[in-house]
Amino acid sequence: MKFWRVPLDTEQIVVTRGVVHIIEERCKGCGYCIDYCPRGVLEASSRFNNRGYHPPVAKQPDLCVNCHYCEAVCPDFAIYSVEAAAQSISEHPVK
Amino acid sequence: MNGSTAPKHPLDGLLRTDRIPHIWCPGCGIGTVFSSSLIAISSTGKDPANTAVVSGIGCSGRGAGYVNLDSYHTTHGRAIPFATGMKLANPELTVVVFSGDGDLFAIGGNHFIHAARRNMDLTVICVNNLNYGMTGGQAAATTPHLAKTSTTPRGNPESPFNLPLLAYASGATYIARWTMLHTRDLTQSITEALTRTGFSFIEVLAPCPTGYGRKNRLKATDMLKIYQEKAMVKNGINPAETILDLEHGITLGKFVEYDRPTYAENYKAVCGE
Ligand code: SF4
Ligand code: SF4
């Protein structure tokens with residue numbers, strides 16, 4: 001993240017990061033996780049799962065902040081996030 | 001996929017995973033409400049093994065078949081009487097009724113009002129998808145005025161129930177309404193309902209893209225957009241003032257919470273042990 005003036009406490013601020021996992025065979029391709037991820041991490045893949053749906057794929061995995069919203073909104077128990085090592089805010093990627 | 005590295009969803013422990021994927025259609029909101037309910041059950045701090053889930057008939061009624069706890073898939077409209085019996089036989093149990101608008105308010109409507117009147121210590125979660133999904137998208141007691149369904153092709157001439165007002169007038173002591181998009185508020189309401197004593201009612205709007213959605217030209221994501229744009233959170237508002245109108249606004253929030261003696265407490269006081 002870039003700042004026009006760097007806040008004094010930049011070094012102490014850490015941004016939570018997450019790793020998103022997709023259980024492709026459970027997905028029914030509704031797209032809710034893609035539409036409502038606040039960080040735009042996901043997109044529909046061109047692959048089919050064995051039921052003929054397009055599961056999501058993490059196109060920008062580094063942007064995930066482990067908010068679990070995809071996990072909460074998915075009607076099919078097909079996606080979840082787990083916490084990854086935190087980063088300082090200056091190394092955090094911009095959306 | 002290699003079995004040992006197969007990803008495991010955090011709710012797998014509460015799910016009968018051999019039955020997943022479930023039968024709910026792509027984009028159906030019931031799964032999200034079910035997921036919120038499972039998160040709430042696991043976050044109360046109580047032993048989930050002491051929780052029983054009871055469902056009636058219909059798409060939402062399938063919930064009981066997917067939860068890896070004691071559960072009961074009852075006859076049509078009768079989830080509340082079965083739940084009442086369970087609670088009276090074993091007062092230590094936390095009893096959750098997870099069912100749909102048709103099951104709870106059409107065929108089961110009288111059971112609902114009497115359990116609320118008695119302040120039975122139950123948590124009733126009603127997934128409201130505005131129609132009878134499982135049987136082909138017919139008009140229900142919750143279908144909005146003028147909405148199209150397979151039995152109202154010119155638009156619904158009837159008016160729907162206002163469920164929070166119905167619950168309030170009947171005597172429910174906790175009443176909230178959310179949509180499946182408001183998962184965090186919903187989970188919090190269910191958690192509150194599970195940890196309090198008395199008749200708690202939570203209505204949750206969920207899209208039925210196959211039934212209601214197709215007839216009203218609303219894709220699943222259109223319905224979510226309506227939830228997002230029309231939601232008006234008004235905690236504590238009089239249930240008579242809540243509205244559910246996909247064009248003009250949907251009142252959400254925790255509307256009512258108060259204490260009065262439960263059925264079991266009154267029974268004990270009047271009739272003894
Ligand atoms: S956890 Fe949040 S940020 Fe990460 S992919 Fe899911 S919705 Fe996006
Ligand atoms: S919300 Fe779930 S079912 Fe829908 S596309 Fe995402 S992973 Fe698939």
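Note that the structure is a prediction, hence the values are computed from the model and not measured.

(A) Spatial organisation of the site of ligand 2. In the vicinity of ligand 2, the residues found are Cys 27, Lys 28, Gly 29, Cys 30, Gly 31, Cys 33, Pro 56, Cys 74, Asp 76, Ala 78 and Ile 79 of chain A. A per-class count over the shell around ligand 2 returns seven nonpolar, two polar and two charged.

(B) Empty space enclosed by the protein, seen in detail. Across all of its chains, the model carries three cavities of 30 Å³ or more by this definition. Put simply, the largest cavity is a space of about 90 Å³. Looking at the largest cavity, it is lined by 13 residues, and the ones nearest its centre are Cys 37, Val 41, Cys 64, Cys 67 and Cys 70 of chain A. Classifying every residue of the lining of the largest cavity by side-chain character gives nine nonpolar, three polar and one charged. Within this model, the second largest cavity holds a volume of roughly 40 Å³. Residue lining of the second largest cavity: Asn 128, Asn 129, Leu 130, Leu 205, Ala 206, Pro 207, Met 223, Tyr 227, Leu 244 and Leu 246 of chain B, and that is the complete set. Residue composition of the lining of the second largest cavity, grouped by class: eight nonpolar, two polar and no charged.

(C) Just helix 5 (residues 163–170) of chain B, in detail. Residue and element names in this part refer to chain B. Within helix 5 the residues assigned to the buried category are Leu 163, Pro 164, Ala 167 and Ser 170. Along the axis of helix 5, the buried residues cluster in a sector spanning 130°; they form a single face. The N-cap residue of helix 5 is Asn 162: its side-chain oxygen and the backbone nitrogen of Leu 165 are 3.1 Å apart. Where helix 5 ends, the next residue or the one after it, Gly 171, has phi of about 120°, a positive value.

Rules of the game
- Residues numbered from 1 in each chain as written.
- Chains lettered and ligands numbered in written order.
- Predicted model: local features only at pLDDT ≥ 70, side-chain atom pairs only at ≥ 80, totals over all residues.
- Heavy atoms only, no water.
- Near = heavy atom within 4 Å.
- Nonpolar A, V, L, I, M, F, W, Y, C, P; charged D, E, K, R; others polar.
- 1 Å grid on protein atoms, 1.4 Å probe; cavity = no way out; pocket = protein on both sides within 12 Å on 5 of 7 lines; lining within 4 Å.
- Points joined across faces, edges and corners; volume = space filled by probe spheres on them.
- Buried < 20%, exposed > 50% of the residue type's maximum accessible area, 1.4 Å probe, protein only.
- Helix = DSSP H or I, 4+ residues; strand = E, 2+ residues; numbered from the N terminus.
- Arc of directions from axis to C-beta.
- Polar contact = N/O pair within 3.5 Å; in protein donor to acceptor, adjacent residues only side chain to side chain.

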